[in-house]
Amino acid sequence: MLGPPGAGKGTHGDRLAERCGIPKYATGDILREAVRNDTPLGREAKQYMDKGELVPDDVVLGLVRDVLSSPSAKDGFILDGFPRTVAQAEGLHAWLADRGMSLDVVIYFDAPEEELIRRVAGRRVCVGCGMIYNVHLDPSAAGELCERCGGRLETREDDKAETVRNRLRVYRDSTEPLLQWYATSSTSFRELKAVGSVDEVYNGLLTLVDCL
Ligand code: ADP
Ligand code: ZN
């Protein structure tokens, strides 16, 4: 799944992964976990993430190769937030090809910039269980607290307005060129208009891709 921050890749990827019974790997989640655990990877990644910059390609590629080598990936997987640069896509494709694999489909989540900023600014994450809410679109039934575990809801460090603008800039510079790269590669490339309610977007997604 490709697309700018706030396009809804995480939400819809989780739903699709559950429907299909395959794992979803989000490099952002894996990196944030490493930061929380204060691992060497986490310490290196944090300095980029807090500014909204990309973590270096070799670091992210190493991490993705590790998760894709795990037994849980053997029946298929969804990637969220990776690849994000042409170099990452080339690295991924070479690695998959060496193992006789390729991506079945690339979905591009598209949404207008004002909507992206609004969504990211409204995003809240439960410190207890990691559940994601949105104060505009999908608020917690428990108000300021998590409706699932009662945990406190926080704004992600890199969801602060200035960092979001930088992430969008990085997206345009580094990730947007990938759209062209995939549009001309042999992988099936599909575009999803990621506007409307979560259910509307999810239904749109299912018309483009379903469990394979
Ligand atoms: P979003 O999609 O909302 O921007 P993510 O959770 O996917 O957020 O990513 C958060 C941060 O993690 C990025 O801003 C970047 O610093 C880092 N990151 C995640 N995936 C990658 C990647 N594939 N390559 C480089 N950096 C990444
Ligand atoms: Zn919670």
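(A) Molecular detail of the side chain of threonine 175. Its place among the elements puts threonine 175 in helix α7 (residues 161-183). Within the structure, threonine 175 has its side chain in polar contact with the backbone oxygen of arginine 84 (distance 2.7 Å). Every residue in contact with threonine 175, bar those within four places of it in the chain, is listed here: Leu2, Arg84 and Val170.

(B) Up close: the site of ligand 1. Taken together, 19 residues surround ligand 1, and among them Thr27, Arg32, Glu53, Gln88 and Arg167 come closest. At 2.8 Å from a nitrogen atom of ligand 1 is found a side-chain nitrogen or oxygen belonging to glutamine 88. Contacts to ligand 1 include arginine 156, whose side-chain N or O atom sits 3.2 Å from an oxygen atom. Protein burial of ligand 1: of its 550 Å² of free accessible surface, 95% is covered by the chains. Per-element tally for the shell around ligand 1: the top contributor is helix α2 (residues 27-36), with four residues. In terms of residue class, the shell around ligand 1 is built from seven nonpolar, four polar and eight charged.

(C) Structural view of the coordination of the zinc ion (ligand 2). Looking at the metal site, the zinc ion (ligand 2) is ligated by Cys126 (SG), Cys129 (SG), Cys146 (SG) and Cys149 (SG), spaced 2.3 to 2.4 Å from it. The site at the zinc ion (ligand 2) holds four donor atoms, and with the angles between them running 95 to 118°, its shape is tetrahedral. Mapped onto the sequence, the residues coordinating the zinc ion (ligand 2) show the spacing C-x2-C-x16-C-x2-C. Of the two residues, cysteine 129 is situated in the loop between β4 (123-126) and β5 (132-134) and cysteine 146 in the loop between β5 and β6 (153-154); the sequence distance between them amounts to 17 residues.

(D) Representation of the packing of aromatic side chains. If you walk through the whole model with that rule in mind, you get two aromatic pairs. With 6.4 Å between their ring centres and 15° between their planes, tyrosine 108 and phenylalanine 189 make a pair best called stacked. Taken as a pair, tyrosine 108 in strand β3 (residues 105-110) and phenylalanine 189 in strand β7 (residues 188-193) lie far apart in primary sequence, 81 residues in all. Given a relative accessible area of 25%, phenylalanine 189 falls into the partly exposed group. Consider the rings of tryptophan 181 and tyrosine 182, whose centres lie 5.0 Å apart with planes at 90°: the pair is edge-to-face. The class of tryptophan 181 is partly exposed, set by a relative accessible area of 23%. Arginine 15 extends its terminal NZ or CZ atom over the ring of tyrosine 202, reaching a point 4.7 Å from the ring centre.

(E) Region of the structure containing the nonpolar core. Val55, Leu68, Phe82, Leu92 and Tyr182 are the most contacted members of the largest nonpolar core, which totals 27 residues. Those elements that place two or more of their residues in this core are α3 (40-49), α4 (57-69), α5 (86-98), β3 and α7. In this view, tyrosine 182 contacts Leu2, Pro83, Ala89, His93, Leu103, Val106, Thr187 and Phe189; residues no more than four positions away in its chain are not counted. Formed by 19 residues, the second largest nonpolar core is a distinct cluster that contains Leu16, Val120, Tyr202 and Val209.

(F) Here's a closer look at the layout of surface pockets. Approximately 660 Å³ is the volume attributed to the second largest pocket. Taken together, the elements giving at least two residues each to the lining of the second largest pocket come down to α1 (9-20), β2 (78-80) and β3. Examining the composition of the lining of the second largest pocket, we find that three residues originate from one element, β3, more than from any other. A per-class count over the lining of the second largest pocket returns 23 nonpolar, two polar and four charged.

(G) Up close: the sheet that holds β5. Spatial strand order, β5-β4-β6: three strands in an open sheet with antiparallel pairing. One side of each edge strand has no neighbouring strand; the edge strands of this open sheet are β5 and β6. By the bridge criterion, two bridges tie β4 to β6 in an arrangement that is antiparallel. Directly across from valine 125, in β6, lies its bridge partner glutamate 154. Together, β4 and β5 form the strand contacts of helix α6 (residues 113-122), whose direction differs from that of β4 by roughly 30°.

(H) Structural view of the state of the cysteines. Under the definition given, this model contains one disulfide. Paired by a disulfide, cysteine 20 and cysteine 211 hold their sulfur atoms 2.1 Å apart. Residues cysteine 20 and cysteine 211 are joined through a disulfide that is left-handed, its torsion about the S-S bond being -80°. Within this pair, whereas cysteine 20 is found in helix α1, its partner cysteine 211 is found in the segment after α8 (198-208), the two being separated by 191 residues in sequence. By relative accessible area, cysteine 211 is classed as partly exposed at 35%.

The rules behind each value
Residues numbered from 1 in each chain as written. Chains lettered and ligands numbered in written order. Predicted model: local features only at pLDDT ≥ 70, side-chain atom pairs only at ≥ 80, totals over all residues. Heavy atoms only, no water. Helix = DSSP H or I, 4+ residues; strand = E, 2+ residues; numbered from the N terminus. Polar contact = N/O pair within 3.5 Å; in protein donor to acceptor, adjacent residues only side chain to side chain. Contact = heavy atoms within 4.5 Å. Near = heavy atom within 4 Å. Areas by Shrake-Rupley, 256 points an atom, 1.4 Å probe, with all protein chains shown as cover. Nonpolar A, V, L, I, M, F, W, Y, C, P; charged D, E, K, R; others polar. Donors = N, O, S within 2.8 Å, 3.2 Å for Na, K, Ca; no water. Tetrahedral: all angles 85-135°; square planar, octahedral: opposite > 155°, others 65-115°. Phe/Tyr/Trp six-rings, centres within 6.5 Å; stacked < 30°, edge-to-face > 60°. Buried < 20%, exposed > 50% of the residue type's maximum accessible area, 1.4 Å probe, protein only. Lys NZ or Arg CZ within 6 Å of the ring centre and 35° of its normal. Core = buried A, V, L, I, M, F, W, Y, C linked by side-chain atoms within 4.5 Å. 1 Å grid on protein atoms, 1.4 Å probe; cavity = no way out; pocket = protein on both sides within 12 Å on 5 of 7 lines; lining within 4 Å. Points joined across faces, edges and corners; volume = space filled by probe spheres on them. Pairing = 2+ DSSP bridges. Axes fitted to C-alpha atoms, helices over the stretch in contact; angles between N-to-C directions. Disulfide = S-S within 2.5 Å.

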